[in-house]
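Descriptive analysis of the structure
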Amino acid sequence: MADRSEAPAVSSSQASNVLTTKLDPTSARFEANMRFLADLMSQVRNEGEKICEGGGAKAIENQHGKGRLTARQRIELLIDPGTFFELGIYAAYGMYEEWGGAPAAGVITGMARVQTRLVMIIANDATVKAGAFFPMTSKKVIRAQNIAIENRIPTIYLVDSAGVFLPLQEDVFPDTDDFGRVFRNNAVMSALGIPQIAAIMGMCVAGGGYLPVMCDHVLMTNGSGLFLAGPALVQAAIGQKVSAEDLGGAAMHAGISGTVDFREADDPACLARIRSIIEKWGYRRQSPWDRKKPVEPALAAEEIYGIYDSSPARPYDMKEILARVLDGSRFDEYKTEYGKTLICGYGRIGGFAVGIVANQKLHAQATDHEGHKRIEFGGVIYTESAEKAARFIMDCNQNLIPLIFLHDVNGFMVGRDAEWSGIIKAGAKMVNAVSNSVVPKITVIVGGSFGAGHYAMCGKAFDPRFVFAWPTARYAVMSGDAAAGTLVEVKVKQLERGGTKLSEEDKKELYESTKRTYDEQTDPRYGAARLWIDKIIDPIEPRDAITQALEAAALNPDVPEFKVGVLQT
């Protein structure tokens, strides 16, 4: 590793783009930040381990009693060791408590390597309500399919599900992003040439029976069932008595209906067959994103724990984080002296060329068009920042460079000076450029991601390929303090109009109660539970997450023509 205060020993012309550091790892502030983030990550890991238990020990024992592996055991046998990059583990976190909860929404999704090929895996967890589909289960499967569609990722379904969770059918069955969308996506993926393999390794009933049959390959294990209606429903509907095996067992579908391509004895044999099939696939044209051999950053990623500070009173330098994320800590900063509260520039992550758009939390001195000096607050997007970012995003699209957005944004600047400077017009330019961008976009929410700043920095509504968040992320229209103050003021005026006068103590209690609720909703786990976030990542591992995302994006060679439409000038 390079000396803390110096760039690596190369010529001055080569070293000009190497980020250096002013960090003092012995400072009390650094140590306090380290402890805070380490404790937070420990909590996230513990929660993740609990979620991985699925329906619990008794449900796992019941699954094994049927001669079947659990979903996680199946994934472990299927993939190349150590390659599973799980997505959506927090889906349905804290939801459906009245039904006993649904850890990970009863389905496990993520990317992995199988015979070195990158694939998307969607595996029903039969230990959670027999793998039934809750509302968030459908949304999680659809999110995984959408990622596969956008990035052209081959997809493997490990099917073991009782179908729709009937008590909540009205929220699972009818809408655009509900259960039926899964099968529509099967058809779309097939038309796009995205390989799909389905392995029926338990129950596959009712409408869910369409999923495997709409895939390229269908495998089925002995003892599994595939039917539109089970024996009890068949008897009730048409009076016919038939066993599950005769109605829709593996032997019947392999030898009589011809529905399955491979009948396998058990889970291990089925998973080995999938690996054997994939091993023979050909190779498709790769996308045009430039990649070289990865180089580790010159500075230690572990130091990120001590750099990040959530306190507005102690702004941190986002370049210190970039120096520990970018290959070789090299960064060609774009318009360094202009619009300083947004950092834009070029670098590499995992060998991939990338364009960085990151909120700078340090306050900066700026000079306006009349020569007046002012202080610009870190984390706020000013007119100059927005214009710089819009131009930079267009440049990355022109030159086929994927974009990485690092959020710690309070929003756009407000007030008379900001309005007179054309802040709305500049912001609209940036939003337009983000909206129409055709290169892969990856969003990492580091700290706050508030208001229109969230949109301009490529929030979920603007189609980033992946959305990652640190456990320090906060995700809402405005911060908890600002929201609580606004909501309490409105509530107090409503009560006063009705003749109720609140004491200062009552106002304080109302404020604290409102802030608690709002803070809970801005927590990244709340967002991840609703799939606004694909994965909560360790702050020292953004390189790994971004590289995984870029490797997925590299499977899609199609890049539409870049057009921005009308820009406000």
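Okay, so let's go over this structure. (Residues numbered from 1 in each chain as written. Predicted model: local features only at pLDDT ≥ 70, side-chain atom pairs only at ≥ 80, totals over all residues. Heavy atoms only, no water.)

Moving on: the overall build of the chain. Tallying secondary structure elements over the chain gives 21 helices and 20 strands in all. Counting every position in the chain, which comprises 569 residues, the buried fraction comes to 52%. For the chain, contacts bridging at least 24 residues in sequence account for 74% of all contacts bridging at least 6. Surface accessibility of the chain: about 25500 Å² in total, with carbon and sulfur atoms responsible for 53%. Distance between charge centres in the chain, computed from 62 positive and 69 negative side chains, equals 3 Å. (Helix = DSSP H or I, 4+ residues; strand = E, 2+ residues; numbered from the N terminus. Buried < 20%, exposed > 50% of the residue type's maximum accessible area, 1.4 Å probe, protein only. Contact = heavy atoms within 4.5 Å. Areas by Shrake-Rupley, 256 points an atom, 1.4 Å probe, with all protein chains shown as cover. Lys, Arg positive; Asp, Glu negative; His and termini not counted. Charge placed at Lys NZ, Arg CZ, Asp CG, Glu CD.)

What follows concerns the pattern of salt bridges. This model, assessed by the stated rule, comprises 32 salt bridges. Of the charged contacts, one joins R143 and D534 as a salt bridge, the two residues approaching to 2.8 Å between their closest N and O atoms. With R143 in helix α5 (residues 135-151) and D534 in the loop between α20 (524-529) and β20 (535-536), this pair connects stretches of sequence that are 391 residues apart. The pair formed by R143 and D534 is uniform in burial state, with each residue classed as buried. The partner of D309 in a salt bridge is R314, with the nearest N and O atoms 2.9 Å apart. Overall, D309 belongs to the buried group, its relative accessible area being 4%. R314 gets classed as partly exposed once you look at its relative accessible area, which sits at 39%. (Salt bridge = Lys/Arg side-chain N within 4 Å of Asp/Glu carboxyl O.)

As a further point, take the nonpolar core. The biggest cluster of nonpolar side chains holds 114 residues, and the ones touching the most others in it are M111, M120, I356, V357, M430 and F468. In this structure, M111 is in contact with T83, F84, F85, L87, L118, V119, M120, I153, F466, Q548 and A552, ignoring residues within four places of it in sequence. Among the nonpolar cores identified, the runner-up in size contains 22 residues, and A71, I121, I197 and L271 belong to it. (Core = buried A, V, L, I, M, F, W, Y, C linked by side-chain atoms within 4.5 Å.)

So, about the packing of helix α14 (residues 383-398) against helix α16 (residues 423-436). At their nearest, the axes of α14 and α16 sit 8 Å apart, and the two run at 25° to each other. By the angle class used here, α14 and α16 are roughly parallel. The crossing of α14 and α16 is left-handed. In this structure, α14 uses T383, A386, E387, A389, A390, I393 and M394 to contact α16, whose residues at the interface are I423, A426, G427, K429, M430, A433 and V434. (Axes fitted to C-alpha atoms, helices over the stretch in contact; angles between N-to-C directions. Parallel < 35°, antiparallel > 145°, perpendicular 65-115°, else oblique. Left-handed = near helix turned anticlockwise from the far one by under 90°.)

Now for the environment of I194. Structurally, I194 can be placed in the loop between α6 (179-191) and β5 (196-205). Separated by 42 residues in the primary sequence, I194 and R152 place their C-alpha atoms 5.8 Å from one another. Discounting residues that sit within four places of it in the chain, I194 has contacts with A148, I149, R152, I153, P154, M189 and D216.

Below, the discussion takes up the pairing of strand β2 (residues 107-114). In terms of burial, β2 is largely enclosed, as seven of its eight residues are buried. Sheet topology note: the strand β1 (residues 85-87)/β2 ladder contains three bridges and is antiparallel. Looking at β2, one finds that E86 is bridged to G110. Bridge count between β2 and strand β3 (residues 117-124): eight bridges; the pairing is antiparallel. The partner of R113 across the bridge, within β3, is L118. Where β2 hands over to β3, the hairpin turn is made up of two residues, of which Q115 adopts a positive phi near 55°. (Pairing = 2+ DSSP bridges.)

Before going further, it helps to spend a moment on the environment of A301. Within the element layout of this structure, A301 appears in the loop between α11 (267-278) and α12 (304-307). Distance from A301 to I321, taken between C-alpha atoms, is 8.2 Å for residues 20 residues apart in sequence. If sequence neighbours within four positions are ignored, A301 has contacts with R324 and I540.

A positive phi angle is found at Q115, which is not glycine, with a value near 55°. If you trace the backbone, Q115 turns up in the loop between β2 and β3. Residue Q115 is classed as partly exposed on the basis of its relative accessible area of 25%. At A130, a position not held by glycine, the phi torsion is positive, near 60°. Residue position: A130 is located in the loop between β3 and α5.

Extensive coverage of β3 is indicated by the burial of eight of its eight residues. Judged by which residues are buried, β3 turns out to be covered on both faces: R117, V119, I121 and A123 on one side and L118, M120, I122 and N124 on the other are all buried. Note: β3 against strand β4 (residues 155-161), four bridges, orientation parallel. When the bridges of β4 are listed, I122 appears paired with Y157. Following the backbone out of β3, through α5 and into the adjacent parallel β4, one traces a crossover that is right-handed. (Right-handed = clockwise from strand over helix to strand, strands pointing away.)

Two numbers describe how α5 lies on α6: the axes approach to 9 Å, and their chain directions differ by 20°. With respect to α6, the axis of α5 lies roughly parallel. As for how α5 packs across α6, the hand of that crossing is left-handed. Within the contact between the two elements, α5 uses S138, V141, I142, Q145, N146, A148 and I149 and α6 uses F179, R181, V182, N185, N186, V188 and M189. Considered class by class, the residues forming the contact of α5 with α6 number eight nonpolar, five polar and one charged. (Nonpolar A, V, L, I, M, F, W, Y, C, P; charged D, E, K, R; others polar.)

The next point concerns the packing of aromatic side chains. Applying the stated criterion across every chain yields a total of 16 aromatic pairs. Measuring from centroid to centroid gives 5.1 Å for F179 and F183, while their planes differ by 75°, and the two rings are edge-to-face. Of this pair, F179 and F183 both sit in helix α6, four residues apart, which is roughly one turn of that helix. Looking at F179, the relative accessible area reads 7%, which means it is buried. Owing to a relative accessible area of 13%, F183 belongs among the buried residues under this scheme. Taken together, a centroid distance of 5.9 Å and an interplanar angle of 15° make the contact between F466 and F468 stacked. A single burial state applies to F466 and to F468, both of which are buried. Taken together, the ring pairs connect Y96, W99, F134 and F165 into an aromatic cluster. (Phe/Tyr/Trp six-rings, centres within 6.5 Å; stacked < 30°, edge-to-face > 60°.)

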